[in-house]
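Residue-level structure breakdown
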Amino acid sequence: MTDTDLGAALPLPTASADFADRLARRRSAPAQSLADPGPSRDEVERILLLGARTPDHGKLFPWRFVVLGPQSRVELAEKLLPLADAQPGADKARKVLSKLTAPPLTILVVSSPVDSPKVPVWEQQLSAGAVCMNLEHAANALGYSASWITDWYSYDAAAVALLGLKNGETVAGFIHIGTLAEAPLERPRPDLTAITEWKL
Ligand SMILES: Cc1cc2nc3c(=O)[nH]c(=O)nc-3n(C[C@H](O)[C@H](O)[C@H](O)COP(=O)(O)O)c2cc1C
C-alpha cells in the first residue's frame, strides 16, 4: 500500500469532494456498539501502516502499538476488574470495562517518548495523539467505525502496569474498531467564531 521508495516524489494533494465530505461527516462510534465484522489481519496491517504515516518531529517514531483481539481483551478486563472495585465510582469503573470487550478489534496506542535534545516530550505526545486520529481515519477508509477511548485504566498506575507500559510511557488511546448496526447521530461542534482569530 505504501511501499514507496525512500525519496520518491509523492503526489501533491488534489481536491477531493469525497474526501472533504467524509471528513465533514465523520463521527466516532460508541465503543460498546462496535460489533463484527472487524478488520481482517491484512486490513489491520493496512490500518497500522496508515496510522504510522503521521507527522512526528525528528523522525523519532515516539509511539508503539499493541493489537488486541477479543481473547486478550477479555483476559485484560478480568485482571482490571479488581482494580475497578478500588476506583472512586466503582460501579461506573466496572461498567466501562465493557468498552474493552465489545469491539472486534482494538489497537492500543502507547505514547513512548524518546530522549531528544531537540524535540520536547509534549510534541512527541502530540504525535501519538495524531496517530490515534489517523488510525480512526484509516479504519473509516476501509469501511469500519472506530472509537478513541482512554478511561480510568489508562491512568491508574496498577492498570497501566497490567497493560505493559514502561516508565515514561502513557496511553494515547485505545482505538476500538468494528461495525455499527445503526448510523451515528450528529453531535454539537464548536462555534468557530468563538475559537478562531482571523489575522489575514
Ligand atoms: C484522548 C481522548 C480520550 C477519550 N477518552 C474517552 C473515554 O475514555 N470515554 C469516552 O466516552 N469518550 C472518550 N473520548 C471521546 C470519543 O473518542 C469521541 O471523541 C467522542 O465520542 C466524539 O467524537 P466524534 O466527534 O469523533 O464523534 C476520548 C477522546 C479523546 C480525544
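Residues numbered from 1 in each chain as written. Predicted model: local features only at pLDDT ≥ 70, side-chain atom pairs only at ≥ 80, totals over all residues. Heavy atoms only, no water.

What follows deals with the pattern of salt bridges. This model, assessed by the stated rule, comprises 10 salt bridges. The closest approach of N and O atoms between D151 and K99, which form a salt bridge, is 3.3 Å. Of the two residues, D151 is situated in the loop between strand 3 (145-149) and helix 7 (157-162) and K99 in helix 5 (residues 97-101); the sequence distance between them amounts to 52 residues. Assessed through its relative accessible area of 19%, D151 is described here as buried. (Salt bridge = Lys/Arg side-chain N within 4 Å of Asp/Glu carboxyl O. Helix = DSSP H or I, 4+ residues; strand = E, 2+ residues; numbered from the N terminus. Buried < 20%, exposed > 50% of the residue type's maximum accessible area, 1.4 Å probe, protein only.)

Right, let's get into the sheet that holds strand 2 (residues 105-111). Taken together, four strands build an open sheet; the order of strands is 1-2-4-3 and the sheet is antiparallel. At either end of the open sheet lies a strand with only one pairing partner, and these are strand 1 (63-68) and strand 3. Geometrically, the sheet is characterised by an average inter-axis angle of 20° between neighbouring strands, direction not taken into account. Bridge analysis of strand 3 against strand 4 (residues 170-178) gives five bridges, and the strand direction is antiparallel. By the bridge assignment, I149 is partnered in strand 4 with F174. Against the sheet, helix 6 (residues 121-141) contacts strand 1, strand 2, strand 3 and strand 4, and its axis sits at roughly 160° relative to strand 3. (Pairing = 2+ DSSP bridges. Axes fitted to C-alpha atoms, helices over the stretch in contact; angles between N-to-C directions. Contact = heavy atoms within 4.5 Å.)

Near the ligand you find R26, R27, S28, K99, W148, I149, T150, D151, R187 and R189, and these make up its full shell. Here S28 contributes a side-chain N or O atom positioned 2.5 Å from an oxygen atom of the ligand. A distance of 2.9 Å separates an oxygen atom of the ligand from a polar atom in the side chain of R187. Isolated, the ligand exposes 630 Å² of accessible area, and the fraction of that covered by the protein chains is 63%. Per-class residue counts for the shell around the ligand are two nonpolar, two polar and six charged. (Near = heavy atom within 4 Å. Polar contact = N/O pair within 3.5 Å; in protein donor to acceptor, adjacent residues only side chain to side chain. Areas by Shrake-Rupley, 256 points an atom, 1.4 Å probe, with all protein chains shown as cover. Nonpolar A, V, L, I, M, F, W, Y, C, P; charged D, E, K, R; others polar.)

With that out of the way, let us pick up unusual backbone geometry. D36 connects to P37 through a cis peptide bond whose omega is 0°. By secondary structure assignment, the location of P37 is in the loop between helix 1 (17-25) and helix 2 (41-51). In this structure, K59 is a non-glycine residue whose phi angle is positive, near 50°. The phi dihedral of D151 falls on the positive side, at around 65°, and the residue is not glycine.

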